[in-house]
Amino acid sequence: MTALEKYTRLEALGRWRETPEKPAREVIVSFGNATLLLSDQHEEPLSHWAMAATLRIAWDGEIAIYSPDADGRETLEIDDADMVEAIAQVSRAENVKTRRKPWRIWVLMLVVLAILGAGMYWGPQLVRDQALRMTNAASARQIGFEMLGALQIEICKEPRADAVRMKLQQRLFPSSDARLVIAKNAPAGTVFPGRLLLIGKDTLLQFSTSDQFILWAAQLQMQEPPDTDLFQNGTLADVVHYVTRGNIPRMRLLEMANQILDGGHIEVAYSQGFAPLDISLRAQDWTLLKDICLE
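Computed from a prediction, not measured in an experiment: that's the story for all the values here.

S.K.: Which residues make up the overall build of the protein, and what values do they have?
M.R.: Counting its regular elements, the protein contains 11 helices and 10 strands. For the protein, the residues scored as buried account for 44% of the 295 residues in total. Taking contacts inside the protein between residues at least 6 apart in sequence as the whole, the part at least 24 apart equals 61%. With an accessible surface of roughly 16,100 Å², the protein has 53% of that area assigned to carbon and sulfur atoms.

S.K.: Before we move on, can you summarise the sheet that holds strand 5 (residues 55-59) with the specific residues and values?
M.R.: The strand order across the open sheet built from seven strands is 4-3-2-1-7-6-5, with neighbouring strands paired in antiparallel fashion. Looking at which strands have only one partner, the edges of the open sheet turn out to be strand 4 (45-50) and strand 5. Recorded for the sheet is a direction-independent mean angle of 30° between the axes of neighbouring strands. As paired strands, strand 6 (residues 64-67) and strand 7 (residues 75-78) are joined by three bridges and run antiparallel to one another. Within strand 7, the position partnered with Tyr66 by the bridge is Leu76.

S.K.: So what's going on with the state of the cysteines? Residues and values would help.
M.R.: One pass over the full model with this rule turns up one disulfide. The disulfide that involves Cys156 links it to Cys293, with 2.1 Å between the sulfurs. Here the disulfide of Cys156 and Cys293 is left-handed, its torsion about the S-S bond being about -80°. One end of the pair, Cys156, is in the loop between helix 5 (137-150) and helix 6 (159-172); the other, Cys293, is in helix 11 (residues 283-293), and 137 residues separate them in sequence. A relative accessible area of 2% means that Cys293 is categorised as buried.

S.K.: Break down the pattern of salt bridges for me, with residues and values.
M.R.: Per the counting criterion, the structure on display carries nine salt bridges. Between Glu158 and Arg160 there is a salt bridge; the shortest N-O distance is 3.4 Å. Residue Asp285 is joined to Arg282 by a salt bridge in which the shortest nitrogen-to-oxygen separation is 3.0 Å. Several salt bridges converge on common partners, so that one network encompasses Lys167, Arg282 and Asp285.

S.K.: So, the layout of surface pockets: which residues are in play, and what are the values?
M.R.: Over the atoms, a rolling probe the size of a water molecule traces out where space has been left empty. The calculated volume of the second largest pocket comes to roughly 400 Å³. Top contributing element to the lining of the second largest pocket by residue count: helix 5, with four residues.

S.K.: Give me the lowdown on the packing of helix 6 against helix 11, citing residues and values where you can.
M.R.: Taken N-terminus to C-terminus, the directions of helix 6 and helix 11 make an angle of 125°; their axes are 9 Å apart at the nearest point. As far as their axial angle goes, helix 11 and helix 6 are oblique. Crossing of helix 6 over helix 11 shows left-handed handedness. For the pair helix 6 and helix 11, contact is made by Arg160, Ala161, Val164, Arg165, Lys167 and Leu168 and by Asp285, Trp286, Leu288, Leu289, Ile292 and Cys293, respectively. Here the residues of the contact of helix 6 with helix 11 are counted per class, giving eight nonpolar, no polar and four charged.

S.K.: So what about unusual backbone geometry? Which residues, and what values?
M.R.: Residue Glu43 is not a glycine yet carries a positive backbone phi of 65°. Here Glu43 lies in the loop between strand 3 (35-39) and strand 4. Looking at Glu43, the relative accessible area reads 32%, which means it is partly exposed.

S.K.: Explain helix 6 to me, using residue names and the numbers behind them.
M.R.: For helix 6, built from 14 residues, the straight-helix expectation of 20 Å at 1.5 Å per residue is met to within 8% by its first-to-last C-alpha distance of 20 Å. Considering only its buried residues, helix 6 is in contact with strand 8 (179-182), helix 8 (210-217) and helix 11. You can read the cap of helix 6 off the contacts: a side-chain oxygen lies 2.7 Å from the backbone nitrogen of Arg160, and it is on Glu158.

S.K.: Describe in detail the nonpolar core, supporting the description with residues and values.
M.R.: Judged by nonpolar contacts, the single largest core of 25 residues is most densely connected at Leu168, Leu204, Phe213, Trp286 and Leu289. Broken down by secondary-structure element, the contributors of at least two residues to this core are helix 6, strand 8, strand 10 (196-199), helix 8 and helix 11. Those residues in contact with Leu289, other than ones at most four positions away along the chain, are Ala161, Val164, Arg165, Leu168 and Ile182. Ranked by size, the runner-up nonpolar core spans 24 residues in total, among them Ala150, Leu151, Ile248 and Leu253.

S.K.: Report on the environment of His42, specifying residues and quantitative values.
M.R.: Position of His42 among the secondary structure elements: in the loop between strand 3 and strand 4. By relative accessible area, His42 is classed as partly exposed at 46%. With 15 residues separating them in the primary sequence, His42 and Val27 have C-alpha atoms 9.7 Å apart.

S.K.: Describe the pairing of strand 8, with residues and values.
M.R.: Within a regular beta strand, the side chains point alternately toward one face of the sheet and then the other, so they alternate between its two faces. Neither face of strand 8 is left uncovered, since the one carrying Arg179 and Val181 and the one carrying Leu180 and Ile182 both have all their residues buried. Both strand 8 and strand 10 contribute to a ladder of four bridges, which runs parallel. Its bridge partner lying in strand 10, Leu180 is registered against Leu197.

Thresholds applied
Residues numbered from 1 in each chain as written. Predicted model: local features only at pLDDT ≥ 70, side-chain atom pairs only at ≥ 80, totals over all residues. Heavy atoms only, no water. Helix = DSSP H or I, 4+ residues; strand = E, 2+ residues; numbered from the N terminus. Buried < 20%, exposed > 50% of the residue type's maximum accessible area, 1.4 Å probe, protein only. Contact = heavy atoms within 4.5 Å. Areas by Shrake-Rupley, 256 points an atom, 1.4 Å probe, with all protein chains shown as cover. Pairing = 2+ DSSP bridges. Axes fitted to C-alpha atoms, helices over the stretch in contact; angles between N-to-C directions. Disulfide = S-S within 2.5 Å. Salt bridge = Lys/Arg side-chain N within 4 Å of Asp/Glu carboxyl O. 1 Å grid on protein atoms, 1.4 Å probe; cavity = no way out; pocket = protein on both sides within 12 Å on 5 of 7 lines; lining within 4 Å. Points joined across faces, edges and corners; volume = space filled by probe spheres on them. Parallel < 35°, antiparallel > 145°, perpendicular 65-115°, else oblique. Left-handed = near helix turned anticlockwise from the far one by under 90°. Nonpolar A, V, L, I, M, F, W, Y, C, P; charged D, E, K, R; others polar. Expected span 1.5 Å × (residues − 1). Polar contact = N/O pair within 3.5 Å; in protein donor to acceptor, adjacent residues only side chain to side chain. Core = buried A, V, L, I, M, F, W, Y, C linked by side-chain atoms within 4.5 Å.

Put into structure tokens, the structure is as follows:
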């Protein structure tokens, strides 16, 4: 079993400081396939680090401090032993203070050139396949949220409404990675990467009860998320950028998001033939959600 396979679902708490001037905040650190995902307590992504670029800049035997770049302005403190070990096995964190010997630099350069040569020889599809393989559920969800950011989607985040949304999400999708995202300026219903079901104002208005909405939203289980199309239509440069740096350029995100909006719309329709779901939501909760998110 490789290090990635062993730790692929590992999560830990950490303290993240975006810049030295900003206060540290508690975050959830998710160990992904070649990436570290930092999220807040509501699972909203805050930062996305490429594992290969993660540096361990301090270590006292218990607490490790990491940074995604050499200047160390953005930092992350972790005291979870399993997470520290996982990062050490797949990143260059252990070597941050060790100067590379010249022959190692030449070997690294030859390896990079060999990879690039093989990529050119075997074709761009190999690179696209690699990008898809390194995109696990957490990474796909991060990309989905970044697309919503590129579209300037106004997500409803008021705490009382968010509590109702989480209740709906947990009861609708107890065994999947699906997420409900409710926004004021969004289409009726669209599935984004990471199984993000984007619900717009028009959708909420068309359902008078939560039962009707639940029956409609349950159809997400039958919708294929557009993850597999993420890297098929982009330029090779964009895909290489993602494979090497762990992110997608903003303009490409916007382009892909618009493609999803054009082809991923879900009509507001629900069938009374659905098997009854073991879900109940108080009428006042449903009214509260609509009142807050439709203001």
